[in-house]
Amino acid sequence: MAVVLLVTPRTNEAADWARLLRARIHDLDFRVHPDSGEAGEVEIVLAWKPPHGLLARFPRLRLICSLGMGVDHLLDDPDLPRSVPIVRLVDSNMIEQMSEYALYAVLHFHRRFDVYERFQRERRWQELPLPHTRSRRVGVMGMGATGEDCAHKLAALGFAVFGWSRTPKRVPGITCLHGADGLTVFLAQSDILVICLPLTRATAGILNERTLRALPQGSYVVNMARGGLVIEKDLLASLDSGHIAGAFLDVTEEEPLPADHPLWTHPNVRLTPHIAGLTNPQTAVEPIAENIRRLRAGEPLHDLVDPALGY
Ligand SMILES: NC(=O)c1ccc[n+]([C@@H]2O[C@H](COP(=O)([O-])OP(=O)(O)OC[C@H]3O[C@@H](n4cnc5c(N)ncnc54)[C@H](OP(=O)(O)O)[C@@H]3O)[C@@H](O)[C@H]2O)c1
């Protein structure tokens, strides 16, 4: 019997998860937090933002499956059982959603829709110059599952695409840079910066006063990864000075964003409520069920997280 516990604030999805997993795991004992039953029986947890300390209560836990692509929501638990493997969700449907978001945001700024929105409110019929797409440089910060898909799709639209990662990469059609040495060159090429990094000890606050200054004058920032990657007060100061011409943000340091936060009303900011990529049980169940099968068959797990790196 596979004893699987679902821990998510989206309890309305529990029936879907139960049905979809049962169709793939015939001896499934499916439980939903807080009705976890006998703690010593729980073997596998599927989790999105579990309460701190919860995962330490299951002495026979063998696998933690993140219900999101990021795992910062798990690794920030000081009581996380360190010996239990964590796999993250890598779902092609979610990657496609993330790329759609990036394309929309990049085109929004590239085609000056931020300015044309204001012109419409002012009843102003005025044409603006349009830079040649091939001369518009887009920097994709983080060239993993989402970053690489975004980079390919942006390059297919004709943008000059740069990628930045921790380790060296070769991606056809993309100029790849890496590590601390490559960062300044990468930022200097990023007329539009798209952030696709995980939130780790090494990346927290990576977009700050110094790195924002390294971006070209009048550049744009798209953050669809994690709010903690960007120091918001530094971003607001760069937006106020005009050094950064606009920001498209799906994530913020505090979520939900407090009602009195200046990002809500900044004229050069577009905000969405962490919806760039939404976990869809219909598609997410495949990689999760496959990892459960692999665990039980003693085969190597897919998309294993390195807790030391934080992603
Ligand atoms: N807003 C949403 O709805 C939403 C939805 C899904 C995901 N996300 C966020 O998006 C993030 C990225 O997802 P993913 O699946 O693309 O991650 P991923 O496949 O793990 O890729 C991460 C990329 O970041 C690079 N990286 C990590 N640490 C770095 C460092 N210190 N310096 C330079 N590069 C570094 C990695 O470099 P290497 O290639 O060298 O390892 C890799 O290219 C997730 O962690 C999650 O937080 C948000």
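Summarised in this report is the structure supplied together with it. (Residues numbered from 1 in each chain as written. Predicted model: local features only at pLDDT ≥ 70, side-chain atom pairs only at ≥ 80, totals over all residues. Heavy atoms only, no water.)

Right, let's talk about the overall build of the protein chain for a bit. When helices and strands are counted, the protein chain shows 9 helices and 12 strands. For the protein chain, the C-alpha radius of gyration of 21 Å lies close to 19 Å, the compact-globule estimate for 311 residues. Counting only C-alpha atoms and orienting by the principal axes, one finds that the protein chain spans roughly 65 × 40 × 35 Å. Taken over 311 residues, the protein chain has a buried fraction of 51%. (Helix = DSSP H or I, 4+ residues; strand = E, 2+ residues; numbered from the N terminus. Rg over C-alpha atoms; globule rule 2.2 N^0.38 Å. Buried < 20%, exposed > 50% of the residue type's maximum accessible area, 1.4 Å probe, protein only.)

Attention shifts here to the layout of surface pockets. Roughly 520 Å³ of volume is contained in the second largest pocket. As for the second largest pocket, its lining consists of 26 residues, and the residues nearest its centre are Val71, Asp72, His73, Asp76 and Leu199. Within the lining of the second largest pocket, the residues separate by chemical class into 9 nonpolar, 8 polar and 9 charged. (1 Å grid on protein atoms, 1.4 Å probe; cavity = no way out; pocket = protein on both sides within 12 Å on 5 of 7 lines; lining within 4 Å. Points joined across faces, edges and corners; volume = space filled by probe spheres on them. Nonpolar A, V, L, I, M, F, W, Y, C, P; charged D, E, K, R; others polar.)

Moving on: the environment of Val305. Summarising the element assignment, Val305 is placed in the segment after helix H9 (281-297). With residues up to four places along the chain from it excluded, the contact list for Val305 reads Val71, Leu75, Ile86, Val87, Arg88 and Tyr311. (Contact = heavy atoms within 4.5 Å.)

Once that is clear, we can look at the sheet that holds strand E7 (residues 160-165). Across a sheet, paired strands are connected by hydrogen bonds in the backbone, their directions being either parallel or antiparallel. On the basis of which strands lie adjacent, the open sheet formed by 7 strands has the order E8-E7-E6-E9-E10-E11-E12 and parallel pairing. Each edge of the open sheet carries a strand with a single partner, namely strand E8 (175-178) and strand E12 (269-271). Here the strands of the sheet are splayed against their neighbours by 15° on average, with no regard to which way each runs. Pairing of strand E11 (residues 244-249) with E12 involves 3 bridges; the strand directions are parallel. (Pairing = 2+ DSSP bridges. Axes fitted to C-alpha atoms, helices over the stretch in contact; angles between N-to-C directions.)

This part covers the state of the cysteines. Enumeration over the complete set of coordinates arrives at 0 disulfides. For the unlinked cysteine Cys176, the closest cysteine sulfur is that of Cys196, found at 13 Å. (Disulfide = S-S within 2.5 Å.)

If you look at the biggest cluster of nonpolar residues, it comprises 28 residues, and the most contacted ones within it are Trp17, Leu21, Phe30, Ile44, Leu46, Ile288 and Ile292. Considering each element in turn, this core owes the most residues, 6 residues, to H9. Residue contacts for Leu21: discarding those within four places in its chain leaves Leu28, Phe30, Leu46, Val285, Ala289 and Ile292. Listed in part, the 27 residues of the second largest apolar core include Leu197, Val230, Leu235 and Val269. (Core = buried A, V, L, I, M, F, W, Y, C linked by side-chain atoms within 4.5 Å.)

Here we take up helix H6 (residues 179-188). If you check which residues of H6 are buried, you get Gly179, Gly182, Leu183, Phe186 and Leu187. With its buried residues spanning 130° around the axis, H6 presents them on a single face. Turned more than 90 degrees away from the buried face of H6, the exposed residues are Asp181 and Thr184. Contacts made by the buried residues of H6 are with strand E6 (137-141), E7, E8, strand E9 (192-195) and helix H7 (209-214). (Arc of directions from axis to C-beta.)

This brings us to empty space enclosed by the protein. Taken as a whole, this structure holds 3 cavities of 30 Å³ or more when the rule is applied. Estimates place the volume of the largest cavity at around 50 Å³. Elements represented by at least two residues in the lining of the largest cavity include exactly strand E4 (63-66) and H9. Considering every element that reaches the lining of the largest cavity, the biggest residue donor is H9, with 3 residues. Of the residues contributing to the lining of the largest cavity, the split by class is 6 nonpolar, 2 polar and 2 charged. Empty space within the second largest cavity amounts to approximately 40 Å³. Lining the second largest cavity are Asn223, Gly227, Val230, Glu232, Leu235, Leu249 and Val251. Its residues assigned to classes, the lining of the second largest cavity comprises 4 nonpolar, 2 polar and 1 charged.

The next subject is the packing of helix H3 (residues 92-110) against helix H4 (residues 113-121). Running from N to C, H3 and H4 point in directions that differ by 65°, and their axes come no closer than 5 Å. Two secondary-structure elements touch here, H3 through Leu107, His108 and Phe109 and H4 through Phe113, Asp114 and Glu117. Here the residues of the contact of H3 with H4 sort into 3 nonpolar, 1 polar and 2 charged.

Ordered in space as E2-E1-E3-E4-E5, the 5 strands form an open sheet in which the pairing is parallel. Each edge of the open sheet is held by one strand with a lone partner, namely strand E2 (28-32) and strand E5 (86-87). Examined bridge by bridge, E4 and E5 share 2 bridges and lie parallel to one another. Looking at the pairing, Ile64 lines up with Ile86 of E5. Contacting strand E1 (2-7), E2 and strand E3 (44-47), helix H1 (residues 14-22) crosses the sheet at an angle of about 170° to E2.

Nothing here speaks to function; it is geometry throughout.
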